[in-house]
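# A structural walkthrough
Read off the chains here:
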Amino acid sequence: MSTAGSLTWFAQHESRLAWRDMLSMLAAGRRGRERQIAVGVAVFAGFMHVVAFFALGGAGRLGLHPDLPTLLTITAGALLSGSAMLSQAMESVTRTFYTRSDLELILSSPTRARRLFAVRIGAIAATVSLMSLLLLGPFIDVLAWRGGLRWLGGYGLIVAVSLVATALAVILTTSLFQTIGPKQTRLAAQIAAALIGGLFVIGLQMAAMFSTGTLSRLAFLRSHYVLAHVPDIHSAVWWPARAALGDAGSLVAVLAVSLLLFLAVTALYAPRFANYAVAASGVSHGSARRRRGSHTLRVRTAAATMRHKEILLLIRDPWLMSQSLMQLLYLLPPAALLWRSFAFGGHAAVVIVPVLIMAAGQLAGGLAWLTISGEDAADLVLTAPIAQSRLLRAKIEAVLECIAIMLGPFVLGLLLFSPALALIAACGIVASAASAATIQLWFRAQAKRSQFRRRHTASRIATFSEAFTSIAWAATGAVAAAGSWLAAIVALIAIAILAGVRLFSPARAR
Amino acid sequence: MRQDECPAALEIKGLRKRFERPAVDGLDLHVRPGEFYMLLGPNGAGKTTTLRMVSGLLRPDEGTIAVFGIDALADPIAAKQITGWLSDEPMIYDKLTPLEYLEFVAGLWNVETAVADARARDLLQWLGLEKHADERCEQFSRGMRQKVALAGALVHEPRLIILDEPLTGLDAGSARLVKNVLAARVRAGGTVIMTTHILEIAERMADRIGVIAGGRLIAEGTLDELRGRIGSGDASLEDMFLAIVEQDLTAA
């Protein structure tokens, strides 16, 4: 048994909490569902292996001495995964500072808090690794099966990238803490995390769109322009790519460098974490935000009151706003494409329709959760002398208003280019947003707005069905934009998904 | 109209609610208009469940609830129009100011703008929140949040005010302010039903006290009537409460 307060003791404590937290998340808070969880994970892993099998084609046959475009493609893939890992790690580091749950107990105890924080940094690296292994592991397995065991080096590369991503996340977040202080760091770090997660892929798409006129990242990476500007094939820059391809020497070098960086950062920064956590805990005692001038009451109808409240709460919560609006970042490449098509008379604007419809579904899902399930004064609303159906309708109207404000300019832009495409996009946006809001209505469960990030754990069916209906409506829009009557069949599939979801929804039992 | 001809502020008959076990088990309760009625009971006695059913937050399995003669189960909207509810956990919006919160509540209860404005400012003044009327609630202490929630429960001037442990976590000064506001409401003709574990407050404020255990009303009356029931003329409410609950446990 390890000594209380030692590194291993903290590691045991943290791993027990993490294990129970993960089980609870997978079981959506219900106990005694271990068997279902195991079956679910196995089915997911099987499904991912099938996806990997069909997605990879002949990639497993790549040799140990690939050409420059292949090395560049693998490096870009590693950077893409790395940016997602960095984003996830930054969020976890921020949470370590600001989640008070047991910090006050530990910081007030006579143990060395730096040990706990060292363990927590390690736990972040482990979590980031695990998530990536779960998603990318099946692809590595399929490559190893088809092309030889050397491909298992990919696992080593994932571990190395996650160690580097965690180290960078610690450096970036603590730098933010030092420069802008604890009050602004939380929001800034979360926005930075989301930007880092999305900007690499968006940047690639934007570059691809301006150089090749498509949204294809692969075409861009293999273009003569890029190949002329990257380092020589023998450069150390390609070691990670070579490690992924099974070159043992490169793998050992990459793992050693990343481990050294991670250990150095942990040793250097863990002792500072306690100070940052204390500073973060004092944030809520800061000065109050006061309205300019005294507010004069203006009582509206109950439904208008509800809509006004929902929009006000959303506007005033920059964190929630950033979480919701981050999805709009992904609209930048299609917006640029629209501008380019409009300016140069291309036909690629058709691509924008499904992207807008998809974004509408995803945005509406998040906003509908906030307004319907994330009602912080549920008792007050339930005891109000007004039919609950009217209040729910007002909440959904608020969601649709927000969607209209956010996506309206894109549809108007499309209208200048093609009225028919604008009409298809508008119809698709309404259908997709209404479907997502309806699903949230069927699966509503009382929660706090602050639990927004964990909303997906409440119901897996709701999460997946929301994504599937958005995809189905986006596909409908794409087929309709291409001028095919088959769009009607795809629309029927979307409706069928919605009807199927209704069968499993708790609303049916109410 | 004579007092006994007025409909009861709250009339509960045969109320039952079962979760994994019966939470409320055939409860009858009669609260008169203009009365400060204190509902006491040990943890898990069914007090909160009862009040949540009266407020329309839970649907009973059996029984009837009438608020000033309005069948709260058949016409919940009409009953809610004259009822105010406050729980022990203040549910307010962090990103709204107290005035904006009261504006929201006034909108839900359809209070006229000028009336709502005057009442909101009066309430915030009585509760010592006027300096914070335009600050967002996110920085407020628990006591301040509870006072904002109380203002919300009163801004539509309900005839029946239901409060579940409203003084939990309040400091002495805040608790006194809340008690003063409630006492003023009763003096103005309002009816208050309140649960509390602070028996000293029940002893000082209540017109009548109901003791509930195992989902049933096991004793009811004024302080003197309850003293008479246990046969001790100078017993404190704490002594009486413990004796009544003990008697009930022994009888069961």
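None of these values were measured; they are calculated from a predicted model.

### Considering the pairing of strand S6 (residues 83–86) of chain B
Residues and elements named next belong to chain B.
- Residue alternation in S6 divides its side chains into two sets, Thr83 and Trp85 and Gly84 and Leu86, and both sets are buried.
- Pairing analysis gives four bridges linking S6 to strand S7 (residues 160–164), with the strands arranged parallel. Residue pairing for S7: Trp85 is matched across the bridge by Ile162.

### Here we look at the environment of Leu492 of chain A
- Mapped onto the fold, Leu492 of chain A is located in helix H19 (residues 487–504).
- Considering only alpha carbons, one finds Leu492 of chain A and Trp473 of chain A, 19 residues apart in sequence, at a separation of 9.6 Å.

### Here we look at H19 of chain A
Residue and element names in this part refer to chain A.
- The end-to-end C-alpha separation of H19 is 26 Å, in line with the 26 Å expected for 18 residues at 1.5 Å each.
- Turning to H19, its buried residues number three or more, namely Ala491, Ala494, Leu498 and Val501. Down the axis of H19, the buried set is contained in an arc of 75 degrees. They therefore lie on one face. Along H19, the residues that are exposed and aim more than 90 degrees away from the buried face are Ala488, Ile489, Leu492, Ala496, Ala499 and Leu503.

### Re the confidence of the model for chain B
- Mean pLDDT over chain B works out to 89, with 97% of the residues at or above the 70 mark.
- ipTM for the predicted complex: 0.81, alongside a pTM of 0.72.

### Observations regarding the confidence of the model for chain A
- For chain A, the mean per-residue pLDDT works out to 81, and 80% of the residues sit at or above 70.
- At the low end of the mean pLDDT range in chain A sits helix H13 (residues 332–344) of chain A, at 61; at the high end sits helix H17 (residues 419–442) of chain A, at 93.

### Here's the deal with the interface of chain B and chain A
- Contacts between chain B and chain A engage 36 residues on the former and 30 residues on the latter.
- Going through the elements one at a time, helix H2 (76–81), S6, helix H3 (98–108) and helix H4 (113–126) of chain B are the ones with two or more residues in the side of chain B that touches chain A.
- Residues of the side of chain B that touches chain A, tallied by class, amount to 16 nonpolar, 11 polar and nine charged.

What counts, and at which threshold
- Residues numbered from 1 in each chain as written.
- Chains lettered and ligands numbered in written order.
- Predicted model: local features only at pLDDT ≥ 70, side-chain atom pairs only at ≥ 80, totals over all residues.
- Buried ≥ 20, exposed ≤ 12 C-beta atoms within 10 Å, placed from the backbone.
- Helix = DSSP H or I, 4+ residues; strand = E, 2+ residues; numbered from the N terminus.
- Pairing = 2+ DSSP bridges.
- Expected span 1.5 Å × (residues − 1).
- Arc of directions from axis to C-beta.
- pLDDT = per-residue confidence, 0-100.
- Contact = placed C-beta atoms within 7 Å.
- Nonpolar A, V, L, I, M, F, W, Y, C, P; charged D, E, K, R; others polar.

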